[in-house]
Amino acid sequence: PPTPTKAQGDRGGALGIKRRGTQDPTLQGGWSRFERSGGGWGCRMAAAPAGEPAKKKEIYTYEAPWEIYGMSWSMRPDHRFRLAIGSFIEEYSNKVQILQLNESTGQFTDTACFDHPYPTTKVMWIPDKVGDRTDLLATTGDYLRLWEVQPGTGNVVMRKLLNNNKNSEFCAPLTAFDWNETDPSIVGTSSIDTTCTIWNVETGQAKTQLIAHDKEVYDIAFACGTEVFASVGADGSVRLFDLRSLEHSTIIYESQPPPEALPLLRLAWNKQDTNYLATFVMDSPSVVILDVRVPSVPVGELLGHESCVNAISWAPHSHCHICTAGDDAQALIWDLQALPRAVEDPILAYKAGAEVNQLQWSSAQPDWVAIGFESTMQVLKV
């Protein structure tokens, strides 16, 4: 197992993008400005113009036949508004649906649906921004599986089941995975058995498997490039790894000193400025922003939610915007360009119909964010 070390560094970097003007009385996609009201947080909902044609809608809604958990935007330019969603049914038999928006009618069409063992802990399309690769979808649950959407028919067939524990009939469930955008032959998975595994999905072989944490690993994310990734887990630490030097890992943050450490559930890497990561503690209403050059101490903390945070997603086109969502049924967009000064309020808020369990910001269409709550998926224009 790699030896954890604590790193030191200095802080720097400028953040900034065009901010929505505060003089606009109505914002897009049902978003509102986040405001303090009385003794608590409040937000005003923007009303949709009456009689607006479907092609100009700024909120698209799909009702699934089951509770939604897994969710992913397709990156291919020939499949605008295509998403995959996974069911959360507390039994062995679960489902994955592929949805395509008909922009003329404003309705989502279920173009494919296939069975999946157990709920998907994550669903992700191949990071193919050109559209010249095989149309693949990956899922995790008991194993990492690769599925191909066949051209023409749209039928889905399983291409690979990746298992690095062939000597046992039992498997340790996978909690998450990340597909490397620089080299799509590389996928990293995290597991409750304390390990992370880096796969070559073209050969179906594990490139390396390492004991990453002292307890269960809950999430994994690659930085830009093919060598560096980070993980979080039940031991309350964020750990940084380099595939060129796996004998050591770097602990860049701990939620509390052991043994009082609180589990960290999710991790998101800012792909526009990979000095920055975001994570959050289980059952916490706050999101921690980290600068890898200044380990151990968060560079910022986002405190806008009233209940626990469930999902985070950086803007794919901006190095200073992040969206967070949680049990208070809110999705909040934050502008972090003031860091390292405190970021007190989000700039936009959306109130959903129930606790938001899932959130994905489209990298191919960065004006759109998808959220999942109960059996509802909503696609919102930012």
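The coordinates are above.
Presented here is an overview of the structure given in this document. Predicted, not measured: the structure shown is a model, and the values here were computed from it.

1. Some thoughts on the packing of aromatic side chains
- Counted under the stated rule, the structure contains 11 aromatic pairs.
- Centre to centre, the rings of Phe-114 and Trp-147 are 4.4 Å apart; their planes meet at 35°, and the pair counts as tilted. In this pair, Phe-114 sits in strand β8 (residues 107-117) while Trp-147 sits in strand β11 (residues 144-149), placing the two residues 33 residues apart along the sequence. Like Trp-147, Phe-114 is buried.

2. Notes on a negative patch on the surface
- On the surface, Glu-63, Glu-67, Glu-90, Asp-283, Asp-327, Glu-355 and Glu-374 cluster together into a patch of negative charge.
- Within the secondary structure, Asp-327 is located in the loop between β26 (321-326) and β27 (330-335).

3. Focus: the sheet that holds strand β13 (residues 174-179)
- Strand order in the open sheet made by the 4 strands is β13-β14-β15-β16, with antiparallel pairing throughout. Each having just a single partner strand, β13 and β16 (205-211) make up the two edges of the open sheet. The mean angle between the axes of side-by-side strands here comes to 20°, regardless of whether they run parallel or antiparallel.

4. Digging into the pattern of salt bridges
- Counted according to the given criterion, the structure contains 13 salt bridges.
- Two residues, Asp-214 and Arg-239, come together in a salt bridge whose shortest N-O distance is 3.4 Å. Highlighted residues: Asp-214 in the loop between β16 and β17 (217-222) and Arg-239 in strand β19 (residues 237-242), separated in sequence by 25 residues.
- Under the relative-accessibility criterion, Asp-214 is labelled exposed at 61%.
- Across the pair Arg-244 and Asp-242 runs a salt bridge, and its minimum N-O distance is 2.7 Å.
- Through salt bridges with shared partners, a single network forms among Arg-76, Asp-78 and Asp-128.

5. Description of the sheet that holds strand β22 (residues 276-281)
- Across the sheet, 4 strands lie side by side as β21-β22-β23-β24; this open sheet has antiparallel pairing. One side of each edge strand has no neighbouring strand; the edge strands of this open sheet are β21 (264-269) and β24 (300-302). Put simply, the sheet's adjacent strands are angled 25° from each other on average, direction ignored.
- Here β21 runs beside β22; their pairing, made up of 5 bridges, is antiparallel. When the bridges of β22 are listed, Leu-264 appears paired with Val-281.

6. A few points about the nonpolar core
- Trp-31, Cys-323, Ile-333, Val-369 and Ile-371 are the most contacted members of the largest nonpolar core, which has 20 residues in total.
- Listing elements by their share of this core, those giving two or more residues are β26, β27, β28 (348-351), β29 (358-361) and β30 (368-373).
- Grouped together as the second largest cluster of nonpolar side chains are 19 residues, Tyr-276, Val-287, Trp-314 and Leu-336 included.

7. Observations concerning the pairing of strand β6 (residues 82-87)
- The element β6 is largely enclosed, with a buried count of 6 among its 6 residues.
- Because side chains alternate across β6, one face comprises the buried residues Arg-82, Ala-84 and Gly-86, and the other comprises Leu-83, Ile-85 and Ser-87, equally buried.
- By the bridge criterion, 4 bridges tie strand β5 (residues 68-73) to β6 in an arrangement that is antiparallel. Of the residues in β6, the one forming a bridge with Ile-68 is Ser-87.
- In terms of strand pairing, β6 meets strand β7 (residues 93-102) through 5 bridges, oriented antiparallel. By the bridge assignment, Ile-85 is partnered in β7 with Gln-97.
- What sits between β6 and β7 in their antiparallel hairpin is a turn of 5 residues.

Basis of the calculations
Residues numbered from 1 in each chain as written. Predicted model: local features only at pLDDT ≥ 70, side-chain atom pairs only at ≥ 80, totals over all residues. Heavy atoms only, no water. Phe/Tyr/Trp six-rings, centres within 6.5 Å; stacked < 30°, edge-to-face > 60°. Helix = DSSP H or I, 4+ residues; strand = E, 2+ residues; numbered from the N terminus. Buried < 20%, exposed > 50% of the residue type's maximum accessible area, 1.4 Å probe, protein only. Patch = residues over 30% accessible without salt bridge, like charges linked within 9 Å, V, L, I, M, F, W, Y side chains within 5 Å. Areas by Shrake-Rupley, 256 points an atom, 1.4 Å probe, with all protein chains shown as cover. Salt bridge = Lys/Arg side-chain N within 4 Å of Asp/Glu carboxyl O. Lys, Arg positive; Asp, Glu negative; His and termini not counted. Charge placed at Lys NZ, Arg CZ, Asp CG, Glu CD. Pairing = 2+ DSSP bridges. Axes fitted to C-alpha atoms, helices over the stretch in contact; angles between N-to-C directions. Core = buried A, V, L, I, M, F, W, Y, C linked by side-chain atoms within 4.5 Å.

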